[in-house]
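Reading the structure
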Amino acid sequence: MALWNVGNWARGAKIMALAALIAGSIAAVVPASAQEVPPEQLEMARKYIDLTDRGAVFETTIVEMGIDTMRQIITQNPEIQEETSDAIGEVIKTYNGRKGELLDQFARVYAIYFTLEELTEIVAFYESPVGQKLATANSELNADVRRVLQVYTNNLRTEFFAKVRAELRGQGIEL
């Protein structure tokens, strides 16, 4: 029986994979001297990451890789769906215990941008009830903000085009 259900894991996984890629890229391009931060600063940044990792970034990224691999293989070989599902499940197991590697890199990025004092204040906020509420609601909030932006953008596109068309019409140009 296949353990892999593509539909259950796809929601939001691409955004998390992109976030992981961006964080890794930022860490790679920052000069080495800027990456040297005191251990207590890294520790405080990691505490912030742990407090705000409600979207399970690492797990979601690994699942997204599984989804992409499943699609790629099954598109060409639909007859081996169950075997591919089982293989992906086994490969996912090999990533158990490696979440810290990614979260440490995220923490390094934050430690580079924020002082120990700033990180301490940030962590204090996220440890507060309202900070916990924000961290818990953040992924839903972001999804709602994206939907609002999409509606706004669609409306703006129509309005903007109409205004440009009116300006051109004022110049005697008909579209």
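Residues numbered from 1 in each chain as written. Predicted model: local features only at pLDDT ≥ 70, side-chain atom pairs only at ≥ 80, totals over all residues. Heavy atoms only, no water.

In this section: the packing of aromatic side chains. Where two aromatic rings form a pair, the distance of their centres and the angle of their planes describe that pair. By the definition in use, this model includes four aromatic pairs. Geometrically, the ring pair formed by F125 and Y126 is edge-to-face, given 5.0 Å between the ring centres and 80° between the ring planes. On the basis of relative accessible area, F125 is assigned to the partly exposed category, the value being 35%. An aromatic cluster is built from Y48, Y110, F114, F125 and Y126, whose rings are joined through pairwise contacts. (Phe/Tyr/Trp six-rings, centres within 6.5 Å; stacked < 30°, edge-to-face > 60°. Buried < 20%, exposed > 50% of the residue type's maximum accessible area, 1.4 Å probe, protein only.)

Between helix α8 (residues 116–127) and helix α9 (residues 129–170), the shortest axis-to-axis distance is 4 Å and the interhelical angle comes to 85°. Relative to α9, α8 is oriented roughly perpendicular. Only P129, V130, G131, Q132, L134 and A135 of α9 make contact with α8, whose side of the interface consists of F125, Y126 and E127. Across the contact of α8 with α9, the residue classes break down as six nonpolar, two polar and one charged. (Axes fitted to C-alpha atoms, helices over the stretch in contact; angles between N-to-C directions. Helix = DSSP H or I, 4+ residues; strand = E, 2+ residues; numbered from the N terminus. Parallel < 35°, antiparallel > 145°, perpendicular 65-115°, else oblique. Contact = heavy atoms within 4.5 Å. Nonpolar A, V, L, I, M, F, W, Y, C, P; charged D, E, K, R; others polar.)

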